[in-house]
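For reference, the chains in residue letters:
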Amino acid sequence: QLQLVESGGGLAQAGASLRLSCAASGRTISTYNMGWFPQAPGKEREFVAAIRWIGDTIYYADSVKGRFTISRDNAKNTVSLQMNSLKPEDTAVYSCAAKLGTGDWNLDVTYDFWGQGTQVTVSS
């Protein structure tokens, strides 16, 4: 079973940066496609970024293009999300997710494994 644990969340001011990490255990993530999904209070879980297992293809939601960068280190079994120019509307619990299948990168229901999430709060 693949376990995912996120870290790096916290409180930041608008315009600041945070770097989230997702550490995997139980299995290697080298064959898994990975994604990040924030969920704000009272809202549906959203998609912000995904990266293919080999790291050659990356997808971003329009709302974060140019601000967020997803990356992975298969040797360290980790995936990261660099978040720059943060906005108050980025406030959410950010979860990383993994799946073996390809396609439908933005659909949370297609992901098989999930972490508990890390809280990101951006103040104005």
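Structure shown above.
Now for a quick tour of the structure.

What counts, and at which threshold
- Residues numbered from 1 in each chain as written.
- Predicted model: local features only at pLDDT ≥ 70, side-chain atom pairs only at ≥ 80, totals over all residues.
- Heavy atoms only, no water.
- 1 Å grid on protein atoms, 1.4 Å probe; cavity = no way out; pocket = protein on both sides within 12 Å on 5 of 7 lines; lining within 4 Å.
- Points joined across faces, edges and corners; volume = space filled by probe spheres on them.
- Helix = DSSP H or I, 4+ residues; strand = E, 2+ residues; numbered from the N terminus.
- Nonpolar A, V, L, I, M, F, W, Y, C, P; charged D, E, K, R; others polar.
- Buried < 20%, exposed > 50% of the residue type's maximum accessible area, 1.4 Å probe, protein only.
- Pairing = 2+ DSSP bridges.

## What to know about the layout of surface pockets
In this structure, the largest pocket occupies an estimated 240 Å³ of space. For the largest pocket, the lining is made up of 17 residues, of which Pro38, Glu46, Ser63, Glu89 and Asp90 are closest to its centre. Those elements giving two or more residues to the lining of the largest pocket turn out to be strand S4 (33-39) and strand S9 (92-99). Within the lining of the largest pocket, the residues separate by chemical class into seven nonpolar, three polar and seven charged.

## Section: the pairing of S9
Burial of S9 is extensive: seven of the eight residues sit out of reach of the surface. Two elements, S4 and S9, share seven bridges in a ladder whose sense is antiparallel. Among the inter-strand pairings, phenylalanine 37 is bridged to a residue of S9, identified as serine 95. One ladder, built from three bridges, connects S9 with strand S11 (residues 118-123); its direction is antiparallel. Looking across to S11, one finds that valine 93 is bridged to glutamine 119. With two bridges connecting them, S9 and strand S10 (residues 113-114) associate as antiparallel partners. The partner of alanine 98 across the bridge, within S10, is phenylalanine 113.

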